Amino acid sequence: MTRKERVAVIDCDGRGAALVRAYAKSHNVESIIAIPGNDLMKICTDKSVRTFPTVNTTSITDIVKICKLNSVSFVDVAQDDAVAKGLVDILRKKVATLCVLGPTKAAGEIEWSKAYARQLGTKHSLPQPKYQICNSEEQGIAYMRSLPKDTPVFVKASGLAKGKGSIPAETFKEAVNAIKSMASFGNAGKTFLIEHWLRNEDSSNAEEFSSFAITDGITVKILGNAQDHKRAYNNDQGPNTGGMGCSTPPLVINDHIASKTEDIFNTIVKGLYTEGRQYTGILYLGGILQYQQNKLVPNIVEWNARWGDPEAQVIVPGIKNDILELGYSVVTHTIKDHAIQSDGKARVVVAGVSKGYPADYSAVIGKQIYGLDNVMNMEGIEVYGAGVSVQDGKHYATGGRLFYIVGEGRNVLEARLKAYAAIGHVSIEGDNLHYRDDIGWRDVARLRRSQ
Ligand code: GLY
């Protein structure tokens, strides 16, 4: 017999949109609430989706009230600020009947304090770059002076900084500027880290990947991997963004890397457990692959207490398990009984962003987006919204990252072809749409070399 559950997803972006669509596929879900959600979440599902655009992900009192008033039975806390604010803890305490998926504030510290995450990594001898935790500009600059001149580093705000708190610095001068910029992140930048840039022996940039697991704090099940493109422009140039697109599965992840990655997840989850911070929910390892004795091995760039955005948009649609059941299995500690099943397809997602993003894109706000409707009906394509409003059936830009177009196929070439054919039908009034043309380039090159 099917249950009739009301599910709430706490998020407003493309990641939340992918989750809403996946919950809508569950036979046990009657309707969905997205807080705050976005206008495009209401389309492409036959279940009712209600959004709360004026409530933000950290309005704890409002979220508790909405869950009670709407008889919500299951909440997926999918957004980092909400985790850091303790939404999971508070929902569990205030609404006894509610099943909440997500880490407690204490377990989520692995994301909201990069200093804590590194210290935990050191305690458990996990592979990660050399780092220094700093509490003042003077301390940071003194540390840079102690290194060989122009040592390449990343300067990172320890707290949450909307994906913008990690600044690459190739020279001493750049590092000093990055250290000085930490103050602009307010509390998040009061403590910051200087991390040595992980490069290959030939100084080439090591390859990054994102890996996702679901855990009840004891058992870890890997959900999938992807490769994200964070820079704004082609050839990985320009400023860092929240993510311009990604592809799954990354062909670079062989059995050896997959097994080492799983070991890292198991160690950190056990480490959190032994500290009394049992981690429940989705855990995201931002990793980097470095050659060591001719073998690629994973290192930890960062931990996130949630799905990645846009990684969720390519991995979640490929999970064949009922995601509501997976969520319940975390809370009932039966995740060990679930085998994760994937549909085996390759997916490529391209983010459509306002021209100017991630810097000033204010001139694009309110402009009309053309062509999204046509794309939504294309075979092998999913469209997820973020900064888009719908008025009288027309679409308008309301943010930086606007929408995501996902193409699926038997391999990355096919998936990418579909995604780019689709996004070619979309434009923004005044030629204001920007997207990268080269998402998935590493695997496209790898696949072509192997053919
Ligand atoms: N794709 C990067 C992130 O979600 O943080």
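Described in the following lines is the structure provided in the data block. Just so it is clear, the model here is predicted, and its values are computed rather than measured. (Residues numbered from 1 in each chain as written. Predicted model: local features only at pLDDT ≥ 70, side-chain atom pairs only at ≥ 80, totals over all residues. Heavy atoms only, no water.)

## Considering the overall build of the chain
Secondary structure assignment for the chain yields 14 helices and 24 strands. Here the C-alpha radius of gyration of the chain, 21 Å, is about what a compact globule of 451 residues would show, namely 22 Å. Here the chain holds 451 residues, and the buried ones make up 58% of them. In the chain, once contacts between residues fewer than 6 apart in sequence are set aside, the share between residues at least 24 apart is 68%. Approximately 19100 Å² of the chain is accessible, and the part contributed by carbon and sulfur atoms is 49%. Computed over 53 positive and 49 negative side-chain charges, the separation of the two mean positions in the chain equals 3 Å. (Helix = DSSP H or I, 4+ residues; strand = E, 2+ residues; numbered from the N terminus. Rg over C-alpha atoms; globule rule 2.2 N^0.38 Å. Buried < 20%, exposed > 50% of the residue type's maximum accessible area, 1.4 Å probe, protein only. Contact = heavy atoms within 4.5 Å. Areas by Shrake-Rupley, 256 points an atom, 1.4 Å probe, with all protein chains shown as cover. Lys, Arg positive; Asp, Glu negative; His and termini not counted. Charge placed at Lys NZ, Arg CZ, Asp CG, Glu CD.)

## Things to note about the packing of helix α5 (residues 105-112) against helix α6 (residues 114-123)
Orientation of α5 relative to α6, taken along the N-to-C sense of each, is 95 degrees, at an axis distance of 6 Å. Judged on the interaxial angle alone, α6 and α5 are roughly perpendicular. In this structure, α5 uses E109, I110, E111 and W112 to contact α6, whose residues at the interface are K114, Y116, A117 and L120. Looking at the contact of α5 with α6, its residues break down into 5 nonpolar, no polar and 3 charged. (Axes fitted to C-alpha atoms, helices over the stretch in contact; angles between N-to-C directions. Parallel < 35°, antiparallel > 145°, perpendicular 65-115°, else oblique. Nonpolar A, V, L, I, M, F, W, Y, C, P; charged D, E, K, R; others polar.)

## Things to note about the layout of surface pockets
Considering only enclosed or pocket space, the second largest pocket measures out at about 420 Å³ in volume. Mapped onto the lining of the second largest pocket, the elements with two or more residues apiece are β11 (220-228), β14 (245-248), α10 (311-315), β17 (346-354) and α14 (441-450). Counting residues per element, the lining of the second largest pocket draws most heavily on β11, which supplies 4 residues. Each residue belonging to the lining of the second largest pocket can be placed in one class, and the counts come to 12 nonpolar, 9 polar and 5 charged. (1 Å grid on protein atoms, 1.4 Å probe; cavity = no way out; pocket = protein on both sides within 12 Å on 5 of 7 lines; lining within 4 Å. Points joined across faces, edges and corners; volume = space filled by probe spheres on them.)

## Observations concerning the site of the ligand
Every residue lining the ligand is accounted for by D228, G242, Y284, R306, G308, D309, P310 and E311. In this structure, an oxygen atom belonging to the ligand sits 2.9 Å away from a side-chain N or O atom of R306. With respect to the ligand, the side chain of E311 contributes an N or O atom lying 2.8 Å from a nitrogen atom. Protein burial of the ligand: of its 200 Å² of free accessible surface, 89% is covered by the chains. (Near = heavy atom within 4 Å. Polar contact = N/O pair within 3.5 Å; in protein donor to acceptor, adjacent residues only side chain to side chain.)

## Focus on helix α4 (residues 87-94)
Every buried residue belonging to α4 is among L87, V88 and L91, and all of these are buried. One side of α4 carries all its buried residues, which in axial view fall inside an arc of 100 degrees. Within α4, the exposed residues directed more than 90 degrees away from the buried face are K93 and K94. Here the buried face of α4 lies against β1 (5-11), α2 (60-69), β4 (74-77), α3 (80-84) and β5 (99-101). (Arc of directions from axis to C-beta.)

## Here we look at the sheet that holds strand β18 (residues 368-370)
Here we have 4 strands laid out as an open sheet, ordered β20-β21-β18-β23, and antiparallel in their pairing. Because the sheet does not close on itself, it has two edges, and the strands there are β20 (388-391) and β23 (427-428). In the sheet, β20 pairs with strand β21 (residues 394-397) via 4 bridges, with the strands oriented antiparallel. Directly across from V388, in β21, lies its bridge partner A397. (Pairing = 2+ DSSP bridges.)

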